[in-house]
Amino acid sequence: MRGMKLASNVMILAALMLSNQVFADTAPGADKSQGDAAKGEQIATQVCAACHGADGNSVMPANPSLAGQYAEYITKQLNNFKSQDGQRPERENAVMSAMVAGLSPDDMKDLGAYYAQQTPRPGVARDKSLAEQGERIYRGGNLDTGVPACAGCHSPNGVGIPPRYPRLAGQHSEYTRAQLKAFRTEERTRDVSNEMHMIATRMSVREMHAVSEFISGLR
Ligand code: HEC
Ligand code: HEC
């Protein structure tokens, strides 16, 4: 019984992935309302560089690197940090909520365009044996608990699949781990399909740690 339920959960996730794939393929291309990278650069160097690095390669493990991330994803996250009509924001973080308070919708697009053009600096996993355990989850998931392979949505080399599935490759392990936890506790949720919440609730702390270590060296 338990096995069947898990198997059907895996199938639901597989179906979600497929439908999203189709959506990504048929989504209109780069034509509509692109941000202005030069304007984005001005804001980025004046306001964001202290924490995310001038070129979007952050050196502090709690602050995510943004270089090479998809513009659509960055713009979406900036919106998610913003509280609408005094409601709880979709993504809760005191620092970033303060940062986005003064940004207009165009600023958010410009910032997305700027970071998407920056070159991500490759990372190296520090704990090789932990990273090996993480690689198994990244590529194969965990059939026993219904965790799907991360590679299915974030791509085998971690570059993601625009516009919905973010790049993960080379990201700080500490940051990735914190996000998996936030997806589980719903500090970060109410995403269209809630995929990451469903996945994170099935992962052990050990698995989160391992997969984050692997991702930090993925290229
Ligand atoms: C004081 C440090 C600080 C500053 C300044 C700052 N950030 Fe952040 N930023 C963070 C932290 C910490 C996080 C992780 C938040 C979390 O855990 O959810 C973050 C997360 C983000 C994310 C989400 C990345 C992802 O992969 O999902 C984006 C996008 C972002 N910041 C953009 C910006 C932009 C644009 C600016 C300038 C307008 C900025 N940040 C200024 C600290 C900072
Ligand atoms: C069914 C598709 C799917 C699968 C499988 C999947 N993800 Fe995701 N993931 C998403 C989506 C969609 C987002 C973007 C959520 C948002 O817009 O806030 C995301 C976001 C993330 C983020 C946040 C990135 C950032 O920069 O803040 C992390 C970390 C992450 N996923 C890790 C994983 C890991 C680890 C696995 C495997 C255990 C995995 N994902 C499997 C769909 C998926």
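So, here's what we can say about the structure. On a predicted model such as this, the values are computed, not experimentally measured, just so you know.

## Digging into the site of ligand 2
Stage number 1. Around ligand 2, 26 residues are found, and the nearest of them are Cys-150, Cys-153, His-154, Tyr-175 and Met-196.
Stage number 2. Interatomic distance of 3.0 Å between a side-chain N/O atom of Gln-77 and an oxygen atom of ligand 2.
Stage number 3. Contact between ligand 2 and Arg-188: an oxygen atom at 2.8 Å from a side-chain N or O atom of the residue.
Stage number 4. At the level of secondary structure, the elements contributing two or more residues to the shell around ligand 2 comprise α3 (71–81), α7 (151–154), α8 (173–185) and α9 (195–200).
Stage number 5. Considering each element in turn, the shell around ligand 2 owes the most residues, five residues, to α8.
Stage number 6. Tallied by class, the residues present in the shell around ligand 2 amount to 17 nonpolar, four polar and five charged.

## Some thoughts on the packing of aromatic side chains
Stage number 1. Taken as a whole and assessed by the stated rule, the structure comprises two aromatic pairs.
Stage number 2. Taking the centre distance of 5.5 Å and the plane angle of 55° together, the rings of Tyr-138 and Phe-214 count as tilted. Residue Tyr-138 is located in helix α6 (residues 128–140), and its partner Phe-214 is located in helix α10 (residues 205–217); the two are separated by 76 residues in the primary sequence. Across the pair, Phe-214 and Tyr-138 agree in class, each one buried.

## Regarding the coordination of the iron atom of ligand 1
Under ideal tetrahedral coordination, the four donors around a metal are separated by 109.5 degrees; under ideal octahedral coordination, the six donors are separated by 90 or 180 degrees.
Stage number 1. Coordination of the iron atom of ligand 1 by the protein comes from His-52 (NE2) and Met-96 (SD), over a distance range of 2.0 to 2.2 Å.
Stage number 2. Taken together, the six donor atoms surrounding the iron atom of ligand 1 define angles of 87 to 179° at the centre, an arrangement classified as octahedral. Highlighted residues: His-52 in helix α2 (residues 37–52) and Met-96 in helix α4 (residues 94–100), separated in sequence by 44 residues. Each member of the pair, His-52 as well as Met-96, is classed as buried.

## Notes on the coordination of the iron atom of ligand 2
Stage number 1. Ligation of the iron atom of ligand 2 by protein atoms is provided by His-154 (NE2) and Met-196 (SD), these donors lying 2.1 to 2.3 Å from the ion.
Stage number 2. Bound by six donor atoms, the iron atom of ligand 2 shows angles of 85 to 179° at the metal and therefore octahedral coordination geometry. One end of the pair, His-154, is in helix α7; the other, Met-196, is in helix α9, with 42 residues separating them in the sequence.
Stage number 3. In this structure His-154 comes out as buried when scored by relative accessible area, which is 10%.

## Concerning the site of ligand 1
Stage number 1. Around ligand 1 there are 21 residues in total, and Cys-48, Cys-51, His-52, Tyr-73 and Met-96 lie nearest to it.
Stage number 2. One nitrogen or oxygen atom from the side chain of His-52 is found 2.8 Å from a nitrogen atom belonging to ligand 1.
Stage number 3. Sorting the residues of the shell around ligand 1 by element identifies α2, α3, α4 and α8 as the ones contributing at least two each.
Stage number 4. Sort the elements by how many residues they give to the shell around ligand 1 and α3 lands first, with five residues.
Stage number 5. Within the shell around ligand 1, the residues separate by chemical class into 15 nonpolar, five polar and one charged.

## Observations regarding the layout of surface pockets
Stage number 1. Taken as a whole, the second largest pocket encloses approximately 420 Å³ of empty space.
Stage number 2. Around the second largest pocket sit 26 residues that line it, and Arg-121, Gly-123, Gly-170, Gln-171 and His-172 are the ones nearest its centre.
Stage number 3. In the lining of the second largest pocket, the residues fall into 10 nonpolar, 11 polar and five charged.
Stage number 4. Mapped onto the domain boundaries, the lining of the second largest pocket takes at least three residues apiece from domain 1 (2–26 + 123–217) and domain 2 (37–116).

## Here's the deal with the nonpolar core
Stage number 1. Of all hydrophobic cores here, the largest spans 19 residues; its most connected members are Tyr-138, Met-203 and Val-211.
Stage number 2. Those elements that provide at least two residues to this core are α6, α8, α9 and α10.
Stage number 3. Considering every element that reaches this core, the biggest residue donor is α10, with four residues.
Stage number 4. Sequence-distant contacts of Tyr-138, that is, excluding residues within four places in its chain, are made with Ala-149, Cys-150, Ala-151, His-154, Ser-155, Pro-156, Gly-158, Leu-168, Val-211, Phe-214, Ile-215 and Leu-218.
Stage number 5. Counting 14 residues, the second-largest nonpolar core is a separate cluster that includes Ile-43, Ala-44, Met-108 and Tyr-115.

## Side note on the packing of α3 against helix α5 (residues 105–116)
Stage number 1. Look at α3 against α5: their axes get within 8 Å of each other, and the N-to-C directions meet at 140°. In terms of orientation, α3 and α5 fall into the oblique class. The handedness of the crossing between α3 and α5 is right-handed. Here Ala-71, Ile-74, Thr-75, Leu-78 and Asn-79 of α3 come into contact with α5, specifically with Met-108, Lys-109, Leu-111, Gly-112, Ala-113, Tyr-115 and Ala-116.

Calculation criteria
- Residues numbered from 1 in each chain as written.
- Chains lettered and ligands numbered in written order.
- Predicted model: local features only at pLDDT ≥ 70, side-chain atom pairs only at ≥ 80, totals over all residues.
- Heavy atoms only, no water.
- Near = heavy atom within 4 Å.
- Polar contact = N/O pair within 3.5 Å; in protein donor to acceptor, adjacent residues only side chain to side chain.
- Helix = DSSP H or I, 4+ residues; strand = E, 2+ residues; numbered from the N terminus.
- Nonpolar A, V, L, I, M, F, W, Y, C, P; charged D, E, K, R; others polar.
- Phe/Tyr/Trp six-rings, centres within 6.5 Å; stacked < 30°, edge-to-face > 60°.
- Buried < 20%, exposed > 50% of the residue type's maximum accessible area, 1.4 Å probe, protein only.
- Donors = N, O, S within 2.8 Å, 3.2 Å for Na, K, Ca; no water.
- Tetrahedral: all angles 85-135°; square planar, octahedral: opposite > 155°, others 65-115°.
- 1 Å grid on protein atoms, 1.4 Å probe; cavity = no way out; pocket = protein on both sides within 12 Å on 5 of 7 lines; lining within 4 Å.
- Points joined across faces, edges and corners; volume = space filled by probe spheres on them.
- Domains from an automatic or database assignment.
- Core = buried A, V, L, I, M, F, W, Y, C linked by side-chain atoms within 4.5 Å.
- Contact = heavy atoms within 4.5 Å.
- Axes fitted to C-alpha atoms, helices over the stretch in contact; angles between N-to-C directions.
- Parallel < 35°, antiparallel > 145°, perpendicular 65-115°, else oblique.
- Left-handed = near helix turned anticlockwise from the far one by under 90°.

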